[in-house]
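Take a look at the letters that make up each chain.
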Amino acid sequence: MEIPVPSGTPRQTVFEKGLIYTYIGEVLVSVNPYQELPLYGPEAIAKYQGRELYERPPHLYAVANAAYRAMKRRSRDTCIVISGESGAGKTEASKHIMQYIAAVTNPSQRAEVDRVKDVLLKSTCVLEAFGNARTNRNHNSSRFGKYMDINFDFKGDPVGGHIHSYLLEKSRVLKQHVGERNFHAFYQVLRGCEDAELQKLHLQRNPALYNFTRQGAGLSALESDEKSHYLAVMEAMRVIGFSAEEVGSVHRILAAILHLGNIEFLETEEAGLEQGHVAVAEELLVDHVAQLTATPRELVLRCLLSRTVASGGRELIEKGHTAAEASYARDACAKAVYQRLFEWVVNRINGVMEPRGRDPRRDGKDTVIGVLDIYGFEVFPVNSFEQFCINYCNEKLQQLFIQLILKQEQEEYEREGIAWQSVDYFNNATIVELVERPHRGVLAVLDEACSAAGTITDRIFLQSLDTHHRHHPHYTSRQLCPTDKTMEFGRDFRIKHYAGDVTYSVEGFIDKNRDHLFQDFKRLMYNSSDPTLRAMWPDGQQDITEVTKRPLTAGTLFKNSMVALVENLACKEPFYVRCIKPNEDKVAARLDEDHCRHQVAYLGLLENVRVRRAGFASRQPYPRFLLRYKMTCEYTWPNHLLGSDRAAVSALLEQHGLQGDVAFGHTKLFIRSPQTLVTLEQSRARLIPIIVLLLQKAWRGTLARRHCRQLRAVYTIMRWFRRHKVRAHLAELQRRFQAARQPPLYGRDLVWPPPPAVLQPFQDTCQALFCRWRARQLVKNIPPSDMAQIKAKVAAMGVLQELRQDWGCRRAWVRDYLSSATDNPTASGLFAERLKALRDKDNFGAVLFSSHVRKVNRFSKSRDRALLLTDRHLYKLDPGRQYRVMRAVPLEAVTGLSVTSGRDQLVVLHARGQDDLVVCLHRSRPPLDNRVGELVGVLAAYCQGKGRALEVRVSDCIPLSQRGARRLVSVEPKPEQPEPDFRCSRGAFTLLWPSR
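Residues numbered from 1 in each chain as written. Predicted model: local features only at pLDDT ≥ 70, side-chain atom pairs only at ≥ 80, totals over all residues. Heavy atoms only, no water.

Looking up the protein chain in an unreviewed UniProt entry gives the name Myosin IG, with the organism given as Ailuropoda melanoleuca. In its Sequence similarities (unreviewed entry) section, the UniProt entry covering the protein chain states "Belongs to the TRAFAC class myosin-kinesin ATPase superfamily. Myosin family." Looking at the Subcellular location (unreviewed entry) heading of the UniProt record, one finds this comment for the protein chain: "Cell projection". (UniProt positions renumbered as here; feature names shortened; annotations may be inferred.)

Let us now look at the overall build of the protein chain. Within the protein chain one finds 31 helices and 31 strands. Computed over its C-alpha atoms, the radius of gyration of the protein chain comes to 53 Å, more than 25% above the 30 Å expected for a compact globule of 996 residues. Viewed in the frame of its principal axes, the protein chain has a C-alpha envelope of about 165 × 95 × 55 Å. The proportion of buried residues among the 996 residues of the protein chain is 49%. (Helix = DSSP H or I, 4+ residues; strand = E, 2+ residues; numbered from the N terminus. Rg over C-alpha atoms; globule rule 2.2 N^0.38 Å. Buried < 20%, exposed > 50% of the residue type's maximum accessible area, 1.4 Å probe, protein only.)

Moving on, we get to the UniProt feature "domain: TH1" (unreviewed entry) in the protein chain. On the UniProt side, "domain: TH1" (unreviewed entry) is annotated at positions that read residues 802-995 here. What you have in residues 802-995 is 15% helix and 41% strand, and the ends, taken at the C-alpha atoms, are 22 Å apart.

A word on the packing of aromatic side chains. Within a pair of aromatic rings, the relevant descriptors are the distance that separates the centres and the angle that separates the planes. Per the stated rule, a full pass over the model turns up 26 aromatic pairs. Arranged with centres 6.0 Å apart and planes meeting at 80°, the rings of Tyr40 and Tyr61 form a pair that is edge-to-face. Taken together, the positions of Tyr40 in the loop between β2 (27-31) and α2 (42-48) and Tyr61 in helix α3 (residues 60-74) put the pair 21 residues apart, joining distant regions of the chain. Tyr40 gets classed as partly exposed once you look at its relative accessible area, which sits at 28%. (Phe/Tyr/Trp six-rings, centres within 6.5 Å; stacked < 30°, edge-to-face > 60°.)

Quick look at the pairing of strand β3 (residues 78-83) now. Taken across its six residues, β3 has six buried, putting it largely inside the fold. The alternating pattern of β3 places Thr78, Ile80 and Ile82 and Cys79, Val81 and Ser83 on opposite faces, both of which are buried. By the bridge criterion, five bridges tie β3 to strand β12 (residues 367-373) in an arrangement that is parallel. Looking at β12, one finds that Thr78 is bridged to Ile369. (Pairing = 2+ DSSP bridges.)

Here we come to helix α30 (residues 828-842). Over its 15 residues, α30 runs 20 Å from end to end, which matches the ideal 21 Å to within 8%, given 1.5 Å per residue. Within α30, the full set of buried residues consists of Ser828, Phe831, Leu835, Leu838 and Asp842. Taken around the axis of α30, the buried residues stretch over an arc of 80°, which confines them to a single face. In α30, those exposed residues whose orientation departs by more than 90 degrees from the buried face are Glu833, Lys836, Asp840 and Lys841. (Expected span 1.5 Å × (residues − 1). Arc of directions from axis to C-beta.)

Here the focus is unusual backbone geometry. Here Trp637 and Pro638 are connected by a cis peptide whose omega angle stands at -5°. When you line up the elements, Pro638 lands in the loop between α25 (622-629) and α26 (645-656). The residue after Arg925, namely Pro926, is reached through a cis peptide bond having omega 5°. Positive phi, normally seen in glycine, also occurs at Arg815, with a value near 75°. Structurally, the position occupied by Arg815 is in the loop between α29 (787-800) and α30.

Below, the discussion takes up the sheet that holds strand β31 (residues 988-993). Overall, mixed pairing links the four strands, which are arranged β28-β29-β31-β30 in an open sheet. Strands with a single pairing partner mark the edges of an open sheet, and in this sheet they are β28 (957-962) and β30 (981-985). Neighbour-to-neighbour, the strand axes of the sheet open up by a mean angle of 30°, direction not taken into account. Of the strand pairs in this sheet, β30 and β31 are connected by five bridges, and their pairing is antiparallel. (Axes fitted to C-alpha atoms, helices over the stretch in contact; angles between N-to-C directions.)

The subject of this paragraph is α25. Here α25 has its buried residues at Tyr622, Phe625, Leu626, Arg628 and Tyr629. Burial along α25 is one-sided: seen end-on, the buried residues are contained in an arc of 165°. Taken together, the buried residues of α25 touch β17 (618-621), α26, β18 (662-664), β19 (668-671) and α27 (674-736). (Contact = heavy atoms within 4.5 Å.)

It is worth spelling out the domain arrangement of the protein chain at this point. By domain assignment, the protein chain separates into domain 1 (618-692), domain 2 (739-780) and domain 3 (782-995). The gap between the C-alpha centroids of domain 1 and domain 3 is 108 Å. (Domains from an automatic or database assignment.)

Here helix α10 (residues 244-261) crosses helix α11 (residues 283-293) at 160°, and the two axes come no closer than 9 Å. Here α10 is positioned roughly antiparallel relative to α11, judged by the angle of their axes. Crossing hand, α10 versus α11: left-handed. For the pair α10 and α11, contact is made by Arg252, Ala255, Ala256, His259 and Leu260 and by Leu285, His288, Val289, Leu292 and Thr293, respectively. The class makeup of the residues in the contact of α10 with α11 is six nonpolar, three polar and one charged. (Parallel < 35°, antiparallel > 145°, perpendicular 65-115°, else oblique. Left-handed = near helix turned anticlockwise from the far one by under 90°. Nonpolar A, V, L, I, M, F, W, Y, C, P; charged D, E, K, R; others polar.)

This brings us to the state of the cysteines. Counted under the stated rule, the structure contains zero disulfides. No disulfide involves Cys809; its sulfur sits 18 Å from that of Cys771, the nearest cysteine. (Disulfide = S-S within 2.5 Å.)

Relative to the helices and strands, Met631 is located in the loop between α25 and α26. Accessibility expressed as a relative area gives 12% for Met631, which makes it buried.

Strand order in the open sheet formed by seven strands is β1-β2-β16-β3-β12-β6-β7, and the pairing between neighbours is mixed. Of all strands in the sheet, those bounded by a partner on one side alone are β1 (21-24) and β7 (158-166). Recorded for the sheet is a direction-independent mean angle of 20° between the axes of neighbouring strands. Here strand β6 (residues 145-152) runs beside β7; their pairing, made up of eight bridges, is antiparallel. The residue of β7 that forms the bridge with Gly145 is Tyr166.

Next up on the list: the pattern of salt bridges. Enumeration over the complete set of coordinates arrives at 42 salt bridges. A salt bridge links Arg330 to Asp331, with the nearest nitrogen and oxygen atoms 3.0 Å apart. Measuring nitrogen to oxygen at the nearest pair gives 3.7 Å for the salt bridge that ties Asp878 to Arg881. One network of salt bridges, with partners in common, ties together Arg811, Asp823, Asp929, Arg931 and Glu934. (Salt bridge = Lys/Arg side-chain N within 4 Å of Asp/Glu carboxyl O.)

Shown next, in the form of structure tokens:
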């Protein structure tokens, strides 16, 4: 489906608006915008993921998605062929395709798949560094062809890959055209390495100091940019799996190539040496090369100045070079070393990407998506052997394009029974045959010239071409066409390619085709102590005396690789991306129509357009067409009841009045003009929101009803479950408390089971009731005479709140100790008389508590006294004067008392409007008996009975007030103290307690 442009809208305006993609059939045409556009990223990927090719505007993601879906759905190998001239955006297009594939795969986050994806993405960065260079047409031009196979498992996740490289332009290592640079790797090492590493490599940062990078030194990017690119390449190599030793070897090899380029040779008059009459101008460079390649200096010098040949009798002869021969050998070595380095990098990446542990019998057959990013058609002012091979490659790919697209287009019409007029298109098979025909083709003649005995020059090769192809319609030369002065005699020949005429200069054809490197250099590199460099030269282990087969020439190797590539692509389902360069100046938003028209012609797009215009712009299987447009017709929505899908499509088109612009095939509908599709799409776009609302309404109702049913089920389950839990809990309570009525414990040792949350308040109430019931059972068995003591102890326990651990609760409380003959054997009678007199005087009803005490007054004097607590008064008595009353305080005036947390018997009584009374209970039987709790309990129980509050404080440092003065009283344990007594210091009292 081609996205139409409204009539009257110039293509210039469309391009300026950022619409850089369009379709010709299923061929995507991409125009390089030379600027960043917001067309990529996760949102754009989500927009195209899982969609058909025609459902979204033209985009690289649409082609990548179509190739991925075809591979995943039909388990069929696919390939994406990206073509166009240098600077048209092929490399960037391949990057976006790789990013899309990486983004839509591995939803389960498998580590092995993530590893493969990382290597696939990072390999592009590394290959660009070693295989790309700045040219006059492109600042990041690929100087090699790349075809990448990505292997997928049955789930559609990448599990491996393999990269094939084609025809690296290694001559660029030696020399570049004006305005161009060497490969990026050289400048990145010079600009990016640390100073210490550069010193080890014997390099300086200025590229102008080296012959191989001098031409492009003035074109170098900012040093910060080169530094960032270098760091990105180092990080990519680390992710891929290059070791630190391997990266160091790569740097040393690049540095060795730069030093090799600076070696110059001088003719000398000295004789008698095996090197002949040639010497190295600066032998320090030889030392650098030997060190960096880990080879002996003497052998490096010998290989540069001479070569070893084997005579017929297997005798070795060392033949010295002339200066020209030495320079040729040096250049050949530099090119070969860089080519081997590049091939090693590719093989190293392939070794990491190879699928691991894949067994077709267990895992199933892997499917493949191939991505071809290869150089486009090239026409320079001077075209040499490299341009000849590149253009031959494009002829092969154009031939495949013709076979798979144009020829397939016409065959589809015949297969579907569509009557149409055949369109003639240019078939470039004759040009391919001119290049690769056995015995007579250009490559065959070139190989013959390279293998012939004697001196064969490029001029003789050209004469041979003229002899073989003088009558060929696509070949000419100055010899065959003397009037054409655009070519020179004995140098140029011209081939009429499908993309236009190209004039080639034969100078250097034979040398470049031979690609000859003396065996001495191969053995030198193979014997290096650097394992990485040694691995690049396996053919160096061959002895010079061995008779070997003549190696294949560069042209033959390239032809064989192209034949294999085309065969590989032909067995896959192809998808095409044709890249267009809008102008020669690499300026954004500017379209040079003449330049674009030329590219459209040689990319074969004109033939494709003619076939499409003569035929039909779009075709779709009937089921797919109905699936997309059935909602626009009442007879097909939601499902048709007609006899066939073809009848349903016919009814749909008749309702829209479009039956005159279509043709019906056996299995597909063919649509002639894009306007028909636009009409259908507009009708569909109007109905989609209504259908969406209807579906949303139905779906929301379904969800609500489902949620309601679920809630009902949940509540029912919860209700029955709660009933079960309540019944189970009550049954467990009943089982555990069956023996609770048994005395004397009455269920004290029973453990309450944890209740359900809903029964927690109920269980709290039950526990309180059980405690009251158990207390009732215990209390009703207590004699009435002991009830007052029990109440006092309960009151003491309540007010002390476990702040005082030992308060005498386990002994019997006598209360009136002064009347007891046991506790007061000498004066109990006297106290009884005093008690009778006070009862007659004050009319109190009962004695709450009495005991001997040690008191301290405000004058810091301590005396023995007696304490009497009745239900009317608190008395302080003097036992030395027949218990005469020293002080009487109404009991209503007592507001509280304070005690400590220890075993001491200190008590501070607080009365409203009077001084606090500080006493220590003593002279008890047994000695130091604990009676503080008893005093607290009887006083608290009395106050509770009267309904008034009594403040009881427990503190180890008790504040008190005497005559308005604030003081503190504390306790100090003192084992040697015989009896408790007070010590006064600085306004504070300290009870010295005999701790035994």
